[in-house]
Amino acid sequence: FSLTEVLAVVRKWSKGLESQQNLNVVKECFSDSMKTKLLSFKANRVKIRYANTYRLEPHNKFRDYLVRDKAQAILTNKLQQAKYDGVSSRSLCASISEEILKAVKELDFDRYKYVVSVLIVEKAGQAINVASRWVWDAQRDTWVSAKCETETFIALALVMACYYE
Amino acid sequence: MDDFQSGDETSFVVDEVSSIIKEAIESAIGGNAYQHSKVNQWTTSVVEQTLSQLTKLGKPFKYIVTCVIMQKNGAGLHTASSCFWDNSSDGTCTVRWENKTMYCIVSAFGLAI
């Protein structure tokens, strides 16, 4: 449907001088740059359709023992010396999370999306409870957790990998 | 063929999810004070309720819901998460809730299939 056709249809439905005037204004507004912008906007909204690969499993399947070791190593490296500190722990937490994500991406398991979550809790005699549930493909998706404990705090890292084709 | 037809809603709607989470927290731990024996039950019920409501939305998504309940003791808690996914279709929503005796933090991640 070209723009002129759309406008013709609209014109058929509209009655009265006022609507005619509005239509003329609309036609003037739709310059070439506007049309290209509209086209790109539509292209973005349309979901990209890929060709079939007929492959149901990833080539390089997620191996959780590798990820667990990596995550544990990163945690112990970064947190052995650190003491809990209100200000620095915030950036430490974010940087650990990004490092773990980068390391997991480097392991290069194909067709996986990752979610990495890191918790740092100060030890002050309080109780804390962490629970997770998920709705996913039990055969292909999995999760890994790593813990690091020091005198002043406890750090917990969760890595969840979801298969995506 | 209608050019300006909007496709079906397959993107993560943060407001909807956040209201679902708030409802689940309120109904599970609403007016209760921290009780060590019950915390386990509370975390699982918050998470299970959230998850069941999310799946009822009927969208083609995989969900991950994490709940942390901590007693108020002046201690600090930091949480960070990073994700490797498709920004246009996937999203996350985190809700922080507290009462006089405890903090509750619920994060929900939705990944498009």
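Here the structure is a predicted model, which means the values were calculated and not measured. (Residues numbered from 1 in each chain as written. Chains lettered and ligands numbered in written order. Predicted model: local features only at pLDDT ≥ 70, side-chain atom pairs only at ≥ 80, totals over all residues. Heavy atoms only, no water.)

Draft legend 1. How the structure looks around the packing of aromatic side chains. If you walk through the whole model with that rule in mind, you get 10 aromatic pairs over all chains. Residues Phe62(A) and Tyr114(A) carry aromatic rings whose centres are separated by 6.3 Å and whose planes lie at 40 degrees to one another, so their mutual orientation is tilted. Separated by 52 residues along the polypeptide, Phe62(A) in the loop between α3 (32–45) and α4 (64–79) and Tyr114(A) in strand β1 (residues 112–122) bring together distant segments of the chain. For Phe62(A), a relative accessible area of 9% gives the class buried. Classification of Tyr114(A) as buried rests on a relative accessible area of 1%. An angle of 20 degrees between the planes, with centres 5.7 Å apart, marks the rings of Tyr114(A) and Phe84(B) as stacked. (Phe/Tyr/Trp six-rings, centres within 6.5 Å; stacked < 30°, edge-to-face > 60°. Helix = DSSP H or I, 4+ residues; strand = E, 2+ residues; numbered from the N terminus. Buried < 20%, exposed > 50% of the residue type's maximum accessible area, 1.4 Å probe, protein only.)

Draft legend 2. Expanded view of empty space enclosed by the protein. All names here are of chain B. Considering all chains together, one arrives at 1 cavity of 30 Å³ or more under this definition. Considered as a void within the structure, the largest cavity measures approximately 30 Å³ in volume. Forming the boundary of the largest cavity are Phe-12, Val-13, Glu-16, Val-17, Leu-57, Lys-59, Phe-61 and Tyr-63. Where the lining of the largest cavity is concerned, the elements lending two or more residues are α1 (14–29) and β1 (61–71). Its residues assigned to classes, the lining of the largest cavity comprises 6 nonpolar, no polar and 2 charged. (1 Å grid on protein atoms, 1.4 Å probe; cavity = no way out; pocket = protein on both sides within 12 Å on 5 of 7 lines; lining within 4 Å. Points joined across faces, edges and corners; volume = space filled by probe spheres on them. Nonpolar A, V, L, I, M, F, W, Y, C, P; charged D, E, K, R; others polar.)

Draft legend 3. Spatial organisation of the sheet that holds strand β4 (residues 102–112) of chain B. If you walk across this open sheet you meet the 4 strands as β2(A)-β1(B)-β4(B)-β3(B), and the pairing is antiparallel. Both edges of this open sheet fall to β2 (128–135) of chain A together with β3 (91–98) of chain B, since each of them pairs with a single strand only. With direction set aside, neighbouring strand axes in the sheet form an average angle of 10 degrees. Here 8 bridges tie β3(B) to β4(B), and the two strands are oriented antiparallel to one another. Within the sheet, the bridge partner assigned to Gly91(B) lies in β4(B) and is Gly110(B). Seen against the sheet, α1(B) touches β1, β3 and β4 of chain B and runs at an angle of roughly 35 degrees to β3(B). (Pairing = 2+ DSSP bridges. Axes fitted to C-alpha atoms, helices over the stretch in contact; angles between N-to-C directions. Contact = heavy atoms within 4.5 Å.)

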